[in-house]
Amino acid sequence: MAHTVTLIPGDGTGPELVEATRRVLEATGVGLEWDEHPAGEDVYREEGTPFPERTLESIKRNRVGIKGPTTTPVGSGFRSVNVLLRKELDLYSCIRPCKAYEGVRTRFPETDIVIVRENTEDLYAGIEFEKDSAAAEDLRRFLEELDATARIREHSGISIKPISVYGSERIVRSAFDYARANGRRKVTAAHKANIMKFSDGLFLEVAREVAKDYDDVEFEDRIIDNLCNQLVSRPEEYDVIVLPNLYGDIVSDLGAGMIGGLGLAPGGNIGTEAAMFEATHGSAPKYKGLNRVNPTALMLSGVLMLRHLDEREAADRLEAAIAEVIRKGERVTYDLKPSRDDPTAVGTSEFADAVIEQFGAA
Ligand code: NAD
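These numbers were taken from a predicted model, which means no experiment stands behind them.

A. Layout of the overall build of the protein chain. In terms of helices and strands, the protein chain carries twelve helices and twelve strands. Relative to the compact-globule value of 21 Å for 362 residues, the protein chain shows a C-alpha radius of gyration of 21 Å, a close match. Along the first, second and third principal axes, the C-alpha set of the protein chain runs to 70 × 50 × 45 Å. The proportion of buried residues among the 362 residues of the protein chain is 52%. Relative to all contacts within the protein chain whose residues are 6 or more apart in sequence, the contacts with residues 24 or more apart total 74%. Taken as a whole, the protein chain presents about 16600 Å² of accessible surface, with 50% of it coming from carbon and sulfur. If the 45 positive side-chain charges of the protein chain are averaged to one point and the 62 negative ones to another, these points end up 3 Å apart.

This is the structure:
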């Protein structure tokens, strides 16, 4: 039976990346029906909203989607489509595998980690108080009444960092479930529990409890700064890493850098009602319409989607074909060439052709 998948081309370089990805996904032979809907800057211009109701309805109906990047213009007044999506669908778990494929120039060739980032809490909860606002002043006074040592300097902006038992438990479970389903041996929880005892400390405490239910997967924890240090000195020692929102955001980009750049880092945002797959990178607007950028990150997001749909054999074949094209290093985009102006670099669409031909050769 065919899977119906919501397809969101996005804007900037999104449509060309999505088209290349759609073609390689179809070449796997898996039955896929595309339910295409817009999101982002282009539809905002036409319809006055970056995220039309019909797009949201489609994802709710199909429960799975793949999305090109969408621009969030600074000061535009429209909210990030990605934030809206995560909120509307409670996509609480962001899974970002970072694997260094042979043929990519990287100082960290042994990297093969999966970052699992909590998506809904922490300093990203959006609970903020502007400097000198009445609410910020009330909050400063209230805190001082509660605890005389809880002094906040005047003229301070304040962001609140909530971390709950509920949010921590489900993200840590999602990391262990991913580890189990994908034959991973270890989960590392990263935190700063030594300093933030009641937020990160809670995250760690819950992680330790959840780990007891998964005795087939090893568990350890690391303080976030130490984790960053160790990731760049001994990446091979890490496997699945689960983190609260802010650390997860930062370590995701660190991971992308370690495996050779943003063009290679895939992702999936997963909740109980739906899952949306998309690259870690943004819309790279300066390359819009130039057929230049690397579709690997979105194609690998497609690999994650196939695994999510339990099309594991097709997912493995697609990943192997992408890896082989990268290993050969001939028909790859500029960012995977030894120099950025290498004349032998191919475009987004020709990279997809090379992956599809590789299927035939395998
Ligand atoms: P970006 O990731 O779009 O681009 C930064 C640079 O990274 C590019 O100029 C390019 O040199 C490189 N790059 C990115 N993707 C690449 C690819 N596939 N192949 C080769 N090189 C690639 O980041 P930005 O410029 O900070 O953001 C642009 C817009 O995208 C912003 O509006 C931002 O809000 C949005 N954004 C969207 C998403 C998303 O939709 N998931 C994620 C991040 C940023």
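B. Spotlight on the nonpolar core. Core analysis: the largest hydrophobic core is formed by 82 residues, its most contacted members being Leu227, Val242, Leu243, Leu318, Ile322, Phe351 and Val355. With near-sequence residues (within four places) excluded, leucine 227 lies in contact with Thr188, Ala190, Arg222, Tyr238, Ile241, Leu243 and Val251. Within the second largest apolar cluster, eleven residues are counted, among which are Ile8, Ala39, Phe51 and Ile59.

C. Highlighting the packing of helix H11 (residues 312-328) against helix H12 (residues 348-361). In the contact formed by H11 and H12, the axes pass within 9 Å of each other and the chain directions differ by 115°. As H11 runs across H12, the sense of the crossing is right-handed. Contacts between H11 and H12 involve Arg317, Leu318, Ala321, Ile322, Glu324, Val325, Ile326 and Lys328 from the former and Phe351, Ala354, Val355, Gln358 and Phe359 from the latter.

D. Highlighting the pattern of salt bridges. Enumeration over the complete set of coordinates arrives at 36 salt bridges. Residues aspartate 221 and arginine 208 are paired through a salt bridge, measuring 3.4 Å at the closest nitrogen-oxygen approach. With aspartate 221 in strand S9 (residues 218-223) and arginine 208 in helix H7 (residues 200-211), this residue pair connects regions lying 13 residues apart in the sequence. With relative accessibility at 23%, the residue aspartate 221 sits in the partly exposed group. Relative accessible area serves as the criterion here: at 44%, arginine 208 is assigned to the partly exposed category. Between arginine 307 and aspartate 316 there is a salt bridge whose closest N-O contact spans 2.9 Å. Assessed through its relative accessible area of 16%, arginine 307 is described here as buried. Judged by its relative accessible area of 43%, aspartate 316 falls in the partly exposed class. Here the salt bridges share partners, and the residues they tie into one network are Asp112, Arg184, Arg185 and Asp239.

E. Structural detail: unusual backbone geometry. The backbone phi angle of aspartate 90 is positive, close to 50°, even though this residue is not glycine. Unusually for a residue other than glycine, aspartate 122 sits at a positive phi of about 70°. Its location among the elements puts aspartate 122 in the loop between strand S5 (112-118) and strand S6 (128-129). In this structure aspartate 122 comes out as buried when scored by relative accessible area, which is 1%.

What counts, and at which threshold
Residues numbered from 1 in each chain as written. Predicted model: local features only at pLDDT ≥ 70, side-chain atom pairs only at ≥ 80, totals over all residues. Heavy atoms only, no water. Helix = DSSP H or I, 4+ residues; strand = E, 2+ residues; numbered from the N terminus. Rg over C-alpha atoms; globule rule 2.2 N^0.38 Å. Buried < 20%, exposed > 50% of the residue type's maximum accessible area, 1.4 Å probe, protein only. Contact = heavy atoms within 4.5 Å. Areas by Shrake-Rupley, 256 points an atom, 1.4 Å probe, with all protein chains shown as cover. Lys, Arg positive; Asp, Glu negative; His and termini not counted. Charge placed at Lys NZ, Arg CZ, Asp CG, Glu CD. Core = buried A, V, L, I, M, F, W, Y, C linked by side-chain atoms within 4.5 Å. Axes fitted to C-alpha atoms, helices over the stretch in contact; angles between N-to-C directions. Left-handed = near helix turned anticlockwise from the far one by under 90°. Salt bridge = Lys/Arg side-chain N within 4 Å of Asp/Glu carboxyl O.

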